[in-house]
Amino acid sequence: MTEFFERHRETLEAALAAAESRDFWSAYPEVPSKKIYGEVAPEAGEAAYQALLGKPFALPGHPERGRLGSEVSPFGPSLAIDYASAPAEDLIAAASAAGEAWANSSARTRAGVLLEALARLNRRSFEMGHAVMHTTGQPFVMAFQAGGPHAQDRGLEAVAYAYRAMSETPESARWTKPQGKHPPIVLEKHYRVLPRGVALTIGCNTFPTWNGYPGLFASLATGNTVIVKPHPAAVLPLAITLQELRAVLAEAGFDPNVVLLAVDEQGAEITKTLACHPAIKIIDYTGSNAFADWLRGEARQARLYSEEAGVNSVVLASTDNFKGTCANLAFSISLYSGQMCTAPQNIYIPKDGIETDQGHKSFDEVAAALKAAVDGLLGDPARAAGVCGALANPATLARVEAAAQEGRVVRASAPLEGLEGARTATPLLLAVEAKTSQAHREERFGPIAFLVASESAEAAIDEAAGLAREKGAITAAVYATDAATLERSEAAFGAAGVSLSCNLTGNIFVNQSAAFSDYHVSGANPAGNACLTDSAFVADRFRIVAVRRPIAA
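Definitions and limits used
- Residues numbered from 1 in each chain as written.
- Predicted model: local features only at pLDDT ≥ 70, side-chain atom pairs only at ≥ 80, totals over all residues.
- Heavy atoms only, no water.
- Helix = DSSP H or I, 4+ residues; strand = E, 2+ residues; numbered from the N terminus.
- Rg over C-alpha atoms; globule rule 2.2 N^0.38 Å.
- Buried < 20%, exposed > 50% of the residue type's maximum accessible area, 1.4 Å probe, protein only.
- Areas by Shrake-Rupley, 256 points an atom, 1.4 Å probe, with all protein chains shown as cover.
- Lys, Arg positive; Asp, Glu negative; His and termini not counted.
- Charge placed at Lys NZ, Arg CZ, Asp CG, Glu CD.
- Pairing = 2+ DSSP bridges.
- Axes fitted to C-alpha atoms, helices over the stretch in contact; angles between N-to-C directions.
- Expected span 1.5 Å × (residues − 1).
- Arc of directions from axis to C-beta.
- Contact = heavy atoms within 4.5 Å.
- Salt bridge = Lys/Arg side-chain N within 4 Å of Asp/Glu carboxyl O.

**Q** Lay out the overall build of the chain in plain terms, naming residues and giving numbers.
**A** What the chain contains, in helices and strands, is 19 helices and 19 strands. For the chain, the C-alpha radius of gyration of 25 Å lies close to 24 Å, the compact-globule estimate for 553 residues. By its C-alpha atoms, the chain is 85 × 65 × 50 Å across when sized along the principal axes. Counting the 553 residues in the chain, one finds 58% classified as buried. Carbon and sulfur atoms make up 52% of the accessible area of the chain, which totals about 21,600 Å². Seen as two clouds, the 47 positive and the 60 negative side-chain charges of the chain have centres 8 Å apart.

Structure (structure tokens):
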């Protein structure tokens, strides 16, 4: 079935061109505007979300032995939605049965199905925004963007990379080998993409779609069936995703069980049972280093693509825009209460201070300015709620409370005003000494930032890059006015496998990662073994097998 492919051919071609140029491009508008999505889209999306609450979630034809669901919004209310649940063996059997026709379909057919599903998901972006907001704690605009259009771009990116990789080999070829005086040997060769089998996508609590879509769509595009195992606290965004995928699959004549939902409950997870099943050949995972290590040790039959924990650092050596630097860092620290894998945790500042356009600033003056910038950003309760959102997990709040003992408190954390009933905490800023502190050398997920007094800018670069090599990091940033410091930073962080941002003072932040341009996670340090998205992310999800037939010359 090529109707879907032809409908979205231009989108796919534009995605391939964008991946080649690495310039800005997006297929799905990120602004939640009525002018873009329609006058009634915001109200209709919220109403659609509200209509899901307190009811069984519909996935027609999905294997079912019972119903499970225990999601509670970080903003307070219970979602009271239940989903079809089935044991691992039922899901594996259903995925395996659905796999043959999907695997035998063409790369073009599969791409068309996935592009159509992404287009339909884009039309549900307002509904998805509310679903992501009330399962992750993201503020609405961020939930709309990261859970909707940005995630859709990442899914499209994976489809484009997979389609390109599969298209590098022609479907057929005529092979002629000269034999001198004898007639040439002529073979007709046909090449077929052979998927690995059943893939498992293990979702995370904070970014279920943005982190989940790349692996999900890459595996589907390359002909694998996929079982999606959401975090028990963030099922709805991925359930909505599968609802659309299954509908399009059925319309295209495929068994919708090409993609399945594995729902479980905290304390009774089925993740390990699924991950170690011999039929599971691919695992996409976002989460802790500890569970990634378990997967590496126990699920050896599967290819693992992981994004794990890390310690992201900023080196503040000097700046010609002190106010802009502090404002940029304040927003980066505060955005979604530090619950982004790209959020900075350690801000290294030379103990003797830095040179700025406002003159020399001591360590304490820099610390005070950063505190003031955070206070100013979050001074208005409505704006603070729109920046910080809520904490996805109760453990994050406990972590913030415990961390206050790990250094000198520059800025105390406090609940957000106006969000009573929600689980919230503003950023905690702690001053520590690089030589004596160990607290900043571990990931402290959440709204916690360390202002680390280092011997010098050079020492700060060396420690931050060394920490990235040892513990992992996804992002790094440097502020410097001299070329030598910038060059040293590029070399050090590059060798540590960390993407580096330099002198960001405007409306672009170290937290942000753009599809078709930025490589999210390098796979070159302990923060993950894979990259979203490069050729390696898709190429090992399939193999090529050939058929050769002699034909007359």
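Let us keep going from here.
**Q** Now, about the sheet that holds strand β4 (residues 182–195): what can you tell me, with residues and values included?
**A** Spatial ordering of the open sheet is given by β3-β4-β19, a layout of three strands whose pairing is antiparallel. Each edge of the open sheet is held by one strand with a lone partner, namely β3 (172–179) and β19 (542–550). Neighbour-to-neighbour, the strand axes of the sheet open up by a mean angle of 30°, direction not taken into account. Examined bridge by bridge, β4 and β19 share nine bridges and lie antiparallel to one another. Counterpart to L187 in the pairing with β19 is P550.

**Q** Summarise helix α14 (residues 363–377); cite the residues concerned and give the values.
**A** Note: α-helices contain 3.6 residues per turn, so residues at a spacing of three or four share the same orientation. Between its first and last C-alpha, α14 extends 21 Å over 15 residues, near the 21 Å set by a 1.5 Å rise per residue. Among all positions of α14, only F363, V366, A367, A369, L370, A373, V374 and L377 are buried. Along the long axis of α14, the arc covered by the buried residues comes to 160°, so they all point the same way.

**Q** Pulling in residues and values, what's your account of the side chain of S85?
**A** In this structure, S85 sits in strand β2 (residues 83–85). Judged by its relative accessible area of 10%, S85 falls in the buried class. Residues in contact with S85, not counting those within four places in the same chain, are P63, E64, R65, G66, R67, L68 and V263.

**Q** Tell me about the pattern of salt bridges, and please be specific about residues and values.
**A** Enumeration according to the criterion identifies 31 salt bridges in this entry. R441 serves as the salt-bridge partner of E463, at 3.9 Å between the closest nitrogen and oxygen. Placement of the pair is E463 in helix α17 (residues 457–471) and R441 in the loop between β15 (428–433) and β16 (448–454), with a sequence separation of 22 residues. A relative accessible area of 18% places R441 in the buried class. Connected through shared salt-bridge partners, E3, R7, E116, R120 and E251 make up one network.

**Q** Lay out the sheet that holds strand β17 (residues 475–479) with the relevant residues and their values.
**A** The strand order across the open sheet formed by seven strands is β14-β15-β16-β11-β10-β17-β18, and the pairing between neighbours is mixed. Looking at strand neighbours, the two that pair on one side only are β14 (408–411) and β18 (499–502), the edges of this open sheet. Across the sheet, the axes of successive neighbouring strands diverge by a mean angle of 25°, strand direction being ignored. Packing against the sheet, helix α18 (residues 483–495) makes contact with β10 (313–316), β17 and β18, and its axis sits at approximately 165° to β18.

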